[in-house]
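Examination of the molecular architecture
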Amino acid sequence: MISAQYKLLLGGAMVSLLVACSPADTPAAGGRPAPAVKVSTLATEIVQSRVQALGTLLAQESIDISSNVTEKITALHFDDGDSVTKRQLLVTLQQDEEAAQLSSARADLTEQERELARLEALLASQSAAQTEYDQRQTAKLRAQSKIAEIQALLAERTILAPFSGVIGLRQLSPGALVSPGTSIATLDDLSVMRLDFQLPSLSIKAIAPGQRIVAHSDALDEDFDATISAVASRVNPIDRSITARALIKNPDQKLKPGMLMLVSITTSEYDAIMAPESALQSIQLKHYLWIMNADQKAERRQVELGIRKPGFVEIRSGVSVGEQLIYEGFASLQAGSAVAPQEG
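The present account deals with the structure reproduced in this document. From a predicted model like this one, the values you see are computed outputs, not experimental measurements.

What counts, and at which threshold
Residues numbered from 1 in each chain as written. Predicted model: local features only at pLDDT ≥ 70, side-chain atom pairs only at ≥ 80, totals over all residues. Heavy atoms only, no water. Pairing = 2+ DSSP bridges. Helix = DSSP H or I, 4+ residues; strand = E, 2+ residues; numbered from the N terminus. Buried < 20%, exposed > 50% of the residue type's maximum accessible area, 1.4 Å probe, protein only. Lys, Arg positive; Asp, Glu negative; His and termini not counted. Salt bridge = Lys/Arg side-chain N within 4 Å of Asp/Glu carboxyl O. Polar contact = N/O pair within 3.5 Å; in protein donor to acceptor, adjacent residues only side chain to side chain. Contact = heavy atoms within 4.5 Å. Phe/Tyr/Trp six-rings, centres within 6.5 Å; stacked < 30°, edge-to-face > 60°. Lys NZ or Arg CZ within 6 Å of the ring centre and 35° of its normal. Core = buried A, V, L, I, M, F, W, Y, C linked by side-chain atoms within 4.5 Å. Axes fitted to C-alpha atoms, helices over the stretch in contact; angles between N-to-C directions. Parallel < 35°, antiparallel > 145°, perpendicular 65-115°, else oblique. Left-handed = near helix turned anticlockwise from the far one by under 90°.

1. Section: the pairing of strand β17 (residues 312–317)
Pairing analysis gives 4 bridges linking strand β13 (residues 260–276) to β17, with the strands arranged antiparallel. Looking at the pairing, Met274 lines up with Glu314 of β17. When strand β16 (residues 298–309) meets β17, the two strands line up antiparallel, connected through 4 bridges. Residue Glu304 lies in a different strand from β17, and its bridge partner there is Ser317. Taken together, β16 and the strand that follows it, β17, pair antiparallel across an intervening segment of 2 residues, in which Gly311 is found at a positive phi of about 85 degrees.

Now the structure itself:
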C-alpha cells in the first residue's frame, strides 16, 4: 500500500509537469505552432495617373489620284505599292488633239514674230504704218495666250504626284475611261502618321500641344511615342468630348492609315505604396490588408485603394511605409494571432 507521504510527492510532481506544459510557453494558442506566412516590407514607388482613349491613324497627307477631265488613260507610270517623289509622272491621259492644237498655236506665234520683225524694219524706213505693226503685236499676244491655254489642257491630262509617298492598289488600267472623282489609285505620305483621338472635355487640362504620349497597337503589339500637335478649338456638344491630334514618326512604315491605337496620357506622377492585389482581403465593399507587427502578431487593417496596375494596387491609407505586409498565408489568420514569417 502506497503511503500518504508518497501520494503527496506524486501529486506535487504532476502539478509541476502541468505548469511546465502550460499554454503560455507554447508557440501558439491551443498547442499548435504559429502559422507560416510570407511578408514583405511596404515601400513607395513612383506611379503615374493616366487617362486612356482610342484613336485612329491617318496618313500625314492622303489623296485619291483622279482626273479633272473625262478622258481615256493612255499610260500608268507606277506599280502597286511604289514609292514616288513629288512631281513624279503618274498618269498620262489621251492628249493627241491638244498636242496638235499646240503645234498649230506655236506655228502661228512663229508667223506673228516673223511679221513683227519685218514690220520693225519697215517702220525704221517709214515704209509701213504703225497701225499694222500694232495689229501684229496684238496677234502675237493672242498666239501666246492660245499656247498657254493649250498647255493648261495638256497639264490636266498629265497627272503628277503632289507630294512624296506610297502608291496604293490601282483601280483602273490603261485604256479605261476616267472621269472627275473616279479613283485611279491612292497616294499616302506615311513618313509621319496623324493620330486623332477623343477625350471627355473634363480631361481638357490633361492635354496640350507639345505633350508626349504613348500609343499602343494591338495589331503590332508595340508601343509608339507620339507628340500632341493640336487640340480642337471646340467641344462636341453632343457627347461633350474634345478631339486631339498627335504625330507619330513612322520611318519603317509599320503603321498604316485606319489602324486603331490605344492612347495613354500621363496626368500626374507621385510616390505611392503599392501592394500585390493577391494580398487584398475584400469583404463586401471594404478592403483589408494583414500586417505583422513588431511582436510578430497579425493585424488586419482596413485600407483605401487607389489606381491599379497589372498585379498591384495603390494603398492610399491604412498602412505605412516600412510595415511588414503579410502577402501569403493570411487566409486563416485571426487578429492578434502569432505568425512565423518565412523568407519569400
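2. Concerning the side chain of Asp188
If you trace the backbone, Asp188 turns up in strand β9 (residues 185–200). Buried charge without a salt bridge: Asp188, with Arg194 as the nearest opposite-charge side chain at an N-O distance of 7.9 Å. Separated by 2.5 Å, the side chains of Asp188 and Ser62 make a polar contact. In contact with Asp188, other than residues within four places in its own chain, are Ala59, Glu61, Ser62, Phe163, Gly165, Val166 and Pro257.

3. What about the packing of aromatic side chains?
Geometry of an aromatic ring pair is reported as the spacing of the ring centres plus the angle between the planes. In the structure shown here, the tally under the stated rule is 0 aromatic pairs. Between the NZ or CZ atom of Arg300 and the centre of the ring of Tyr288, over which it lies, the distance is 4.2 Å.

4. Points about the nonpolar core
If you look at the biggest cluster of nonpolar residues, it comprises 24 residues, and the most contacted ones within it are Leu57, Leu195, Phe197, Ile213, Ile248, Leu255 and Met261. Breaking this core down by element, the ones donating at least two residues are β2 (44–65), β9, β10 (212–217), β11 (222–231), β12 (241–249) and β13. Per element, the largest residue contribution to this core is 5 residues, and it comes from β9. Leave out the neighbours within four places in its chain, and Phe197 touches Ala53, Leu54, Gly55, Ile213, Ile228, Ile242, Thr243, Ala244, Ala246, Val263 and Ile265. Core analysis: the next-biggest nonpolar cluster, separate from the first, contains 18 residues, Ile73, Leu90, Leu93 and Ala161 among them.

5. Here's the deal with the pairing of strand β5 (residues 89–93)
Across a regular strand the side chains alternate sides, sitting on one face of the sheet and then on the other. Burial within β5 is extensive, with 4 of its 5 residues counted as buried. Inspection of the sheet shows strand β3 (residues 71–76) paired to β5 by 3 bridges, in the antiparallel sense. For Ile73, the partnering residue across the bridge sits in β5 and is Leu93.

6. Focus: the environment of Gln137
Here Gln137 lies in helix α3 (residues 130–156). Taking the C-alpha atoms as reference points, Gln137 and Leu116, 21 residues apart in sequence, are found 6.9 Å from one another.

7. Regarding the sheet that holds β5
Within the open sheet, the 4 strands sit side by side as β6-β5-β3-β8. Their pairing is antiparallel. Pairing within the sheet leaves two strands with one partner each, and these edge strands are β6 (158–160) and β8 (177–178).

8. Side note on the packing of helix α2 (residues 96–124) against α3
At their nearest, the axes of α2 and α3 sit 8 Å apart, and the two run at 160 degrees to each other. By the criterion of interaxial angle, the relationship of α2 to α3 is roughly antiparallel. Taken as a pair, α2 and α3 cross one another with a handedness that is left-handed.

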